[in-house]
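Topology and contacts: notes
The chain contents come next:
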Amino acid sequence: MAPATMTFRTDPSSDMNAVEVLAVVDGRPFSEIVMEFEASRGWDPAGGYGGLFPGVFRLGTAIEYWLGVGLTGFGSTGGRVWVLGCECGELGCWPFGVTIVTTPDTVTWQSFEQPFRRERDYSALPPFIFDRAEYVAAVTTVAHLFTRTAAP
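Report on the accompanying structure. (Residues numbered from 1 in each chain as written. Predicted model: local features only at pLDDT ≥ 70, side-chain atom pairs only at ≥ 80, totals over all residues. Heavy atoms only, no water.)

**Concerning the pairing of strand S9 (residues 128–131)**
Across the two faces of S9 the burial differs, with Phe128 and Phe130 buried and Ile129 and Asp131 not buried at all. Where strand S8 (residues 106–113) and S9 come together, four bridges link them in antiparallel fashion. Paired with Thr108 across the two strands is Ile129, which belongs to S9. (Buried < 20%, exposed > 50% of the residue type's maximum accessible area, 1.4 Å probe, protein only. Helix = DSSP H or I, 4+ residues; strand = E, 2+ residues; numbered from the N terminus. Pairing = 2+ DSSP bridges.)

This is how it looks when you write it as structure tokens:
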């Protein structure tokens, strides 16, 4: 199986007075992938996700955040990284979490979670395995939007 591809879509938001960063996996916004999975299970609500606003929520450096290393602030909970926030722009309103596992050659998103619906079972959503060099190259394209200091 070929590795998944990662890119990012950025959109300025007048509501948040910041730039939204949305992960795009294999050419599809990750928010759509998750929404379709949730809808296929008949979960209500299904979807409602948006990108992250790193300039607002001080998520630390892009590389640390998207590799899931050294995180202790907003957007990191229980070993998971929130890769989607709420469509309203508030990260903690309706986040979607993944565990990021890295090797020298790969970055894997697995163990998905909607923290406000813990009863939801995402085990049928397969992990996304990325080529690490390509993943890091994609992250560098949005690095300028991330702050250097993680939130307390």
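**Describing the side chain of Gln114**
By the element assignment, Gln114 lies in the loop between S8 and S9. Here Phe116 takes part through its backbone nitrogen, which lies 2.7 Å from a polar atom of the side chain of Gln114. Contact partners of Gln114, with chain neighbours within four places excluded, come to Tyr49, Trp94, Pro95, Phe96, Arg120 and Tyr122. (Polar contact = N/O pair within 3.5 Å; in protein donor to acceptor, adjacent residues only side chain to side chain. Contact = heavy atoms within 4.5 Å.)

**What to know about helix H4 (residues 132–140)**
Within the sequence span of H4, burial applies to Tyr135, Ala138 and Val139. Down the axis, H4 shows its buried residues gathered within 100° of arc, on one side only. Facing away from the buried side of H4, by more than 90 degrees, are the exposed residues Ala133 and Thr140. Put simply, Asp131 is the residue that caps the front of H4, since its side-chain oxygen is 3.1 Å from the backbone nitrogen of Ala133. (Arc of directions from axis to C-beta.)

**Focus: the sheet that holds strand S2 (residues 18–25)**
Note: strands within a sheet are paired through backbone hydrogen bonds, in either parallel or antiparallel orientation. Taken in spatial order, the three strands of this open sheet run S1-S2-S3, and their pairing is antiparallel. Strands at the two margins of the open sheet, each flanked by one partner only, are strand S1 (6–13) and strand S3 (28–29). With eight bridges joining them, S1 and S2 adopt antiparallel strand pairing. Residue pairing across strands places Asp11 opposite Glu20, the latter belonging to S2.

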